[in-house]
Structures are given as C-alpha cells and as structure tokens.
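# A look at the structure
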Amino acid sequence: MITFEGVTKRYRDGTVAVDDLSLEVPTGAITVFVGPSGCGKTTSLRMINRMIDATSGRIALDGQDVREIDPPTLRRGIGYVIQQAGLFPHRKIVDNVATVPYLLGWSRKKARARAMELLELVGLDASLASRYPFQLSGGQQQRVGVARALAADPPVLLMDEPFSAVDPIVRASLQDELLRLQSELRKTIVFVTHDIDEAVKLGDTVAVMRVGGRLAQMAGPATLLTEPADDFVREFLGRDRGIRRLSFISAKEVRLSPAPSALVIDEDGRPLGWRTGDGLAAYGTFNPETDSLRVALDAALLSPNGIAVAVDEAGRVRGVAGRDAIDELLAEHAPPAAGPFRDAGSPRAAGSPPAGSPPGGSGAGISEGVPT
Amino acid sequence: MSEEPLIRWDWIARNWANGSPTAISVLLENHVVTAFLPVLLGLIVAVPLGLACVRWRWLYQPTAALMNVTYSLPSLVLFSIFLSITGLTRSTVVIPLTFFALAILIPAVVDGLASVPDSVRQSAVAMGFRPARRLLLVELPVAVPVVLAGLRVATVSSISLVSVGALIGQGGLGNLFIDGWQRQFYTPIVVGIVLIVVLAVLADGLLVLAQRLLTPWSRARRTT
Ligand SMILES: Nc1ncnc2c1ncn2[C@@H]1O[C@H](COP(=O)(O)OP(=O)(O)O)[C@@H](O)[C@H]1O
Ligand SMILES: [Mg+2]
C-alpha cells in the first residue's frame, strides 16, 4: 500500500503542483490519477519514487517513509513507464528489458533469460530481442517499456501516460493487455492519465485531481460515473455518464427467455438473423458470462425488434433478452437517488475534510451540496 | 620556366624516401603526427571539460566564448605567440591546433549530451542508475554520434591547418609548398596538396567507419 499523508509540492518558482494530497493506493490494484494537464499528476507520481521530493507531508510504502530509503535502491524496486517509452537507443531490446536486473547485479545470462520471458509476457516476438529501439513501432516500444519496468518483478508499477502517444487502436490493445497482465500479476499500479475514458476503463479506483494538485474525488469508476462529487468532476467525466456506467454492471443477471422462432439459427446453434418479410435482418449478441449490461443494451439496439441475442463462448444461442429484461436489471442498478443534494453524502476522497470545512479546501463534493 | 611541367615524376621518386629530413615520406609522417596529436589531446580535454560545462551551466558561456575567440584568431597569430614560448619545435604547432580542436570538440561534447532525449535520462533515473553509472552507461554512449561528428570536423581541419606550421619548419607536407614557391617549382606543391587531400579523405572515411561500428543503433546511419 502507498500512503500519501498531507503531501505538498511547491517548486522553487513558487508553483504549488500538489497541495495537501492525502490518499491511499491499495496493494494489488490499479489506481488511476486523472485530471487536466498541469494538475500535478506527474509530480504526485514522481514523489513516490523520489524523482521529486515532497516539500512537506509524507509518502509511505507499506508503512515505510520513502525518504528513509536511498533513492536508487528505492527505484530499483519500483517499475516506471513513461509516455515516450524512454528506451535506451544504444541498447538492444533484450538489454533494455534487462536494465534493472543488470543494475541489481544479476548475471548476464540470467538477466537476458528473464528479459526474454518478459518479452513473451507482453506479447512481443522473440525475434525483436536483438533489434534496436528505433527499429520498433511506437506501440512495440511501449510494450518494451512495460516489460522493462516489470523485469525485476517489482511489487509497485508507476505509469505516466504510457499509452497517450500511440494511435487509438494500438492504445486500446495496450490497455487490454495491461488488464490481462494485471489479472495475472496483481501489482500495485499507479497509472496517470488525462483521459477519463482510459481512467474509467483501467482503474479499480480513480482519483480525479483538479489544477493546483487537489484531489476532487476518489472512487471506483462506477461510483464516479453515478455520483460525481461536484461540478468539476461531472464536467470532467463528460457526457454519456449514464450509458458508460453500464459497462460496470455485469449482464450475467439479465433474465433470458427462450429464443423465439423468428430467430434463424444454423445447425450448430449459431444465430443467422431475424426472419422478416423479405429475408434476414441484423441481430446483436452479448455473452452474459463476460459482457456488461452496456453490451447487452447495445445488442438490443442493433436488432430491429429490440431483442438482444445471448450467446455462449462458442457463439451458440442461449436465449434472448428483450428490452423489458434489460430494463429490469437497469432498475435494480439505478443510481441511489442521484441529484445535486445527494452529492454531499456521496463517498468522498480519503483524507478530504468533513463537510463544513473552510471554503476553498479540497473537500470533495461539498461545494454545492452543503445546505446554507 | 614556361617549360616547367605541372608534375615531375622523377623528382617524386628521388625525394620520396631519400634519408633526408625533408623526404616526402618523412614530411607525411610528421604531418600525420602533428595533425592527430592536437585532436587526441583535444578529445582528452574536451570530454571532462564538456561534462563540467553540462554539470555547471555557468561554465559553458565563458568557455565557449574563449574557444570562439581562439578560433577566430588567425592561426599565424597563435603560432607566433607560442613561438616565443616553445621555439621552433612541434609543440608550437600542436598547442595552437589543440585549441582549435577544443573549439570544435567542447561544443560537440556539450551538444552530444544535450542530444540525449529527456525521456531517456528520466527513465535511467527511474530505473535506479546512480549518477556516475548513468553518465558512463547511458548519457555518454548516446552522445557518441554527435561527438563523432565533431571529431570528423576537428580532424579534417587539423590536417589542413598543419601546413601553416611550415613557416617555422614544422608544417609537415606544408613545407613542400614553401619549397615549391621559393623555387617556382610546381611538383612539390601538387604533391603536397594531393597528399593532404588524400589524408583528409582517408581520416574522415576511417571515422565514418568507426561511427558505423560504434553506433549501429544510430538512426542517422540510415539517412547518410
Ligand atoms: N520543475 C518544475 N518547476 C516548476 N514548475 C513545475 C515543474 N514541473 C512541473 N511544474 C508545474 O507544476 C504543475 C504540475 O505539473 P505536472 O505534475 O507535470 O502536471 P501533470 O502531470 O498533471 O500535467 C504545472 O503547473 C507545471 O507547470
Ligand atoms: Mg504529466
């Protein structure tokens, strides 16, 4: 666990990049710091591995103040990934990945063997090992960056906008890859981004920061979408919060009905389309075991009759769900009486002052909700 | 005199290695040594000095200014200054040429270190390199292409500048020019020019080769 206790960073020129930040980063989960550019995300991240030292306050790693640890030693135990990958241009990929093992004094053979394992883990072909960074695409370089950060198996991983510089398709696949890796590795990850969609997709917990390095709200992504603490968070989350929230509700509990005869099915049980007067019409499918309610709703909207087709892993029809079935589940997961006056009581950031603290404090969600 | 051909091959054959201190081969050897010594000395001084300029930023301005002044002085002026100290020796040529080399190499080292991408430096810090190791294993190697480019310029200009030393009899192949002008005899002049050009091209070629071998990772290699 990483603990920030009243951490403030004031740069020499007087800029307060982080102001009295208190929060807890739980072990084995992804915590995302998100906020507009210049709000102090990078500064917060770098105070963890002491690339920047806090002006006041305390940051502890499993209870130990990071300032008690010699910086290079501390850093070798913390993986770090940045936007431009920052690979060493003069070293082959395999040696780039083996950087920290070399620093830790592993033998060349052992370090390289470990590097090869990691290249495979992040989905890179072994033939890339003997190339130089300039011979790789941006997405590949970013994967190498992740492999390098993981090489010495550090319990903590810091990632500063690691996927911001690649195109959207590559970004999406890198995000999926990270989630897959994390489900195996269970690292304590602090992930910095300015992209709220990325934050909501990746974070087990999302800390929304506002300019001046203040915590606006810290919550799970679903809670964040349903109950933004204040106007700033609401605006930052953008439109479609209601729909996006459905991504966090499993479609497992959707009540399925037997497929009606209008659904044409092939001999393997896979759907072919809805029978209409002049042939087959489009259909949408979802897998209740793995998909979210958002996918189920989308599938319903794709069919002319508003009925989503539930399929199993192999794509065989298991039943159908009409909009009524989806609505039932939506009602069950309706946000708890959301509204401006609820916000005061919504879960708030760790360490934020209780309601009634002086105006201008970093209190999450109290600005508009406190009755006067 | 109008009969004098541009080149007399028999003169070259007789004077290539005749045991005299003014034989062409001896002058060639002198030229090589007098040209390379300053570059070598310059490199040895420029690396630590360049590092110091990067470490203590305020040092760079005065150092660069001093080097530029040196560079803008006619080489003859420098030679005559050192003539009064070191006399008619090779040092009188080598020392000023070392300053010329420094004027090119110090900025090359500084620029080379500045060419290390910030993301590379930052990630080296984040991986847990200590400063000395980071410099030695990351920053200096990444600076090599820029330093080598400076080294090429310094080497070629040093090879051509040595000739000026002929005025005090330490000009290597440059001595051939004086000999030729004095006697209105073209052959030594042509021989001197050709050998100096060949030397420069050869040295530059060797450095390009070194660059390819030392920095197979350099992107620039694809475009040059
Ligand atoms: N070295 C520095 N000196 C002075 N101000 C800085 C320095 N680094 C960052 N800042 C300022 O601190 C604030 C937070 O920066 P940063 O942590 O990089 O934000 P983010 O990563 O959220 O974009 C910004 O206003 C930035 O200009
Ligand atoms: Mg940043």
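Chains are numbered independently. Their residues run from 1 in the order of the written sequence. Each chain gets a letter, beginning with A, and each ligand a number, beginning with 1, in the order they are written. Only residues with pLDDT of at least 70 get local features here, since the model is predicted, and only at 80 or more are side-chain atom pairs given and counted; chain-wide, interface and lining totals rely on the full set of residues. Side-chain numbers here rest on the full set of heavy atoms in the structure, without hydrogens or water.

## Considering the confidence of the model for chain A
Residues and elements named next belong to chain A. Our working rule: As a per-residue measure, pLDDT reflects the predictor's confidence and takes values from 0 up to 100. Secondary structure is summarised from DSSP: a helix means a run of H or I of at least four residues, a strand means a run of E of at least two, and numbering begins at the N terminus for each. In what follows, residue pairs with any heavy atoms lying within 4.5 Å of each other are defined as contacts.
Of all residues in chain A, 90% attain a pLDDT of 70 or more, and the chain-wide mean is 88. Across chain A, the element-wise mean pLDDT spans from 84 in helix α11 (residues 241-245) up to 98 in strand β3 (residues 30-34). Under a pLDDT of 50 for its full length, residues 338-372 has, in the predicted model, 54 contacts with residues more than four places off or in other chains.

## So, the interface of chain B and chain A
What counts here: A simple way to read buried area is as the amount of 1.4 Å-probe accessible surface that goes missing from two parts once joined, with both sides added. Salt-bridge detection follows one rule: a side-chain nitrogen of Lys or Arg within 4 Å of a carboxyl oxygen of Asp or Glu. Under the rule applied, a polar contact is a pair of N or O atoms within 3.5 Å (in protein, one hydrogen donor and one hydrogen acceptor; residues adjacent in sequence only if both atoms are side-chain atoms).
The interface is formed by 20 residues belonging to chain B together with 25 residues belonging to chain A. Summed over both sides, the interface of chain B with chain A buries roughly 2,100 Å², with 64% coming from carbon and sulfur. Our count for the chain B to chain A interface comes out at one salt bridge. Two residues, Asp 70 of chain A and Arg 130 of chain B, come together in a salt bridge whose shortest N-O distance is 3.0 Å. For the pair chain B and chain A, the number of links is six residue pairs in polar contact (both at pLDDT 80 or more). Those elements that provide at least two residues to the side of chain B that touches chain A are α6 (118-127) and α7 (131-161) of chain B. Among the elements that take part in the side of chain B that touches chain A, α6 of chain B stands out by supplying eight residues, more than any other.

## Examining helix α4 (residues 75-86) of chain B
Residues and elements named next belong to chain B. Let me state the cut-off plainly: What a helix should span is 1.5 Å times the count of its residues minus one. Relative accessibility under 20% of the residue-type maximum defines a buried residue, over 50% an exposed one, and the middle range a partly exposed one, all with a 1.4 Å probe and only protein chains included. The arc in question is traced by the directions running from the helix axis to the C-beta atoms.
Compared with an ideal rise of 1.5 Å per residue, which puts 12 residues at 16 Å, α4 spans 16 Å between its outermost C-alpha atoms and is within 8% of the ideal. When α4 is considered as a whole, its buried residues turn out to be Ser 75, Leu 78, Phe 79 and Phe 82. The arc that holds every buried residue of α4, seen down its axis, measures 100°, which confines them to one face. Taken together, the buried residues of α4 touch α3 (57-72), α5 (91-114) and α7.

## Some points on α7 of chain B
Applicable threshold: To get the bend at a residue, fit one axis to the 7 residues ending there and another to the 7 starting there, then take the angle between the axes.
When the terminal C-alpha atoms of α7 of chain B are compared, their 39 Å separation across 31 residues is substantially less than the 45 Å that a helix rising 1.5 Å per residue should span. The largest bend in α7 of chain B comes to about 45°, at Val 144 of chain B, with the proline Pro 145 of chain B one to four residues further on.

## A few points about the nonpolar core
Side chains of a nonpolar character, in soluble globular proteins, are inclined to be buried together. All names here are of chain A. Short version of the rule: Only buried Ala, Val, Leu, Ile, Met, Phe, Trp, Tyr and Cys residues count toward a nonpolar core, and they belong to the same one when joined by side-chain atoms within 4.5 Å.
Membership of the largest hydrophobic core comes to 48 residues, with the highest contact counts inside it found for Val 34, Val 97, Met 159, Phe 191 and Val 208. The element contributing the most residues to this core is helix α6 (residues 138-150), with five residues. By size, the runner-up hydrophobic cluster in this structure holds 34 residues, among which are Phe 4, Ala 17, Met 51 and Ala 207.

## Section: the sheet that holds strand β12 (residues 271-276) of chain A
Residues and elements named next belong to chain A. Spelled out, the test is: Strands are labelled as partners when DSSP assigns at least two bridges between them. Axis geometry follows a simple rule: fit a line to the C-alpha atoms, using only the stretch in contact for helices, then measure angles between N-to-C directions, giving values from 0 to 180 degrees.
The antiparallel open sheet is built from three strands, whose spatial order is β11-β12-β13. Sheet topology places β11 (263-265) and β13 (279-281) at the edges, where each strand pairs with a single neighbour. Averaged over all neighbouring strand pairs, the angle between strand axes comes to 50°, with direction disregarded. In the sheet, β12 pairs with β13 via three bridges, with the strands oriented antiparallel. By the bridge assignment, Trp 274 is partnered in β13 with Ala 281.

## A short note on the site of ligand 1
Residue and element names in this part refer to chain A. Going by this rule: Throughout this document, a residue counts as near a molecule or strand when at least one of its heavy atoms sits within 4 Å of that molecule or strand. Here the accessible surface of atoms and residues is derived via Shrake-Rupley with a 1.4 Å probe, and residues count as covered only by protein chains that are part of the display. Three categories are distinguished: nonpolar for Ala, Val, Leu, Ile, Met, Phe, Trp, Tyr, Cys and Pro, charged for Asp, Glu, Lys and Arg, and polar for the others, with Gly belonging to the last.
Taken together, the neighbourhood of ligand 1 is formed by Tyr 11, Asp 13, Thr 15, Ala 17, Ser 37, Gly 38, Cys 39, Gly 40, Lys 41, Thr 42 and Thr 43. Between an oxygen atom of ligand 1 and a main-chain N or O atom of Cys 39, the distance comes to 3.2 Å. Between ligand 1 and Thr 43, the relevant distance is 2.5 Å, taken from an oxygen atom to a side-chain nitrogen or oxygen of the residue. Contact with the protein chains covers 61% of the free accessible surface of ligand 1, which is 560 Å². Of all the elements, helix α1 (residues 41-48) adds the most residues to the shell around ligand 1, at three residues. Residue classes in the shell around ligand 1 are distributed as three nonpolar, six polar and two charged.

## A look at the domain arrangement of chain A
All names here are of chain A. To be explicit about the condition: Residue ranges assigned to the domains are those given by an automatic or database domain assignment.
Here chain A is described as being made up of domain 1 (2-246) and domain 2 (248-332). Between domain 1 and domain 2, the residue contacts involve eight residues of the former and seven residues of the latter. Between domain 1 and domain 2 we count zero salt bridges in total. Linking domain 1 with domain 2 are four residue pairs in polar contact (both at pLDDT 80 or more), by the criterion used here.

## A few points about the sheet that holds strand β14 (residues 285-286) of chain A
Backbone hydrogen bonds hold the strands of a sheet together, and the pairing may be parallel or antiparallel. In space, the three strands of this open sheet follow the order β14-β15-β16 (chain A), with mixed pairing throughout. Looking along the sheet, the strands with just one partner apiece sit at the ends: β14 and β16 (317-321) of chain A.

## Side note on the pattern of salt bridges
Residues and elements named next belong to chain A. In the structure shown here, the tally under the stated rule is 26 salt bridges over all chains. Note that Arg 112 and Asp 95 form a salt bridge whose closest N and O atoms lie 2.9 Å from each other. Here Arg 112 is found in helix α5 (residues 108-121), whereas its partner Asp 95 is found in helix α3 (residues 93-97), with 17 residues between them in sequence. For Arg 112, a relative accessible area of 28% puts it in the partly exposed group. Measuring nitrogen to oxygen at the nearest pair gives 3.4 Å for the salt bridge that ties Arg 234 to Asp 231. Taken as a pair, Arg 234 and Asp 231 lie in helix α10 (residues 231-237) at a separation of three residues, close to a single helical turn. Residue Arg 234 is classed as partly exposed on the basis of its relative accessible area of 25%. Through salt bridges with shared partners, a single ionic network connects Glu 5, Arg 58, Asp 65 and Arg 67.

## A look at the packing of α6 of chain A against helix α7 (residues 168-185) of chain A
Residues and elements named next belong to chain A. Heads up, the rule is: Here is the rule for angles: anything less than 35 degrees is roughly parallel, anything more than 145 is roughly antiparallel, 65 through 115 is roughly perpendicular, and the remaining ranges are oblique. Here a crossing is taken to be left-handed if its near helix is turned anticlockwise relative to the far helix by less than a right angle, and right-handed if that turn runs clockwise.
Where α6 meets α7, the axes come as close as 11 Å, and the angle between the chain directions of the two elements is 20°. Judged on the interaxial angle alone, α7 and α6 are roughly parallel. Seen from above, α6 lies across α7 with right-handed handedness. Within the contact between the two elements, α6 uses Gly 139, Gln 142, Arg 143, Val 146 and Leu 150 and α7 uses Val 170, Ser 173, Leu 174, Glu 177, Leu 181 and Leu 185. When its residues are assigned to classes, the contact of α6 with α7 shows six nonpolar, three polar and two charged.

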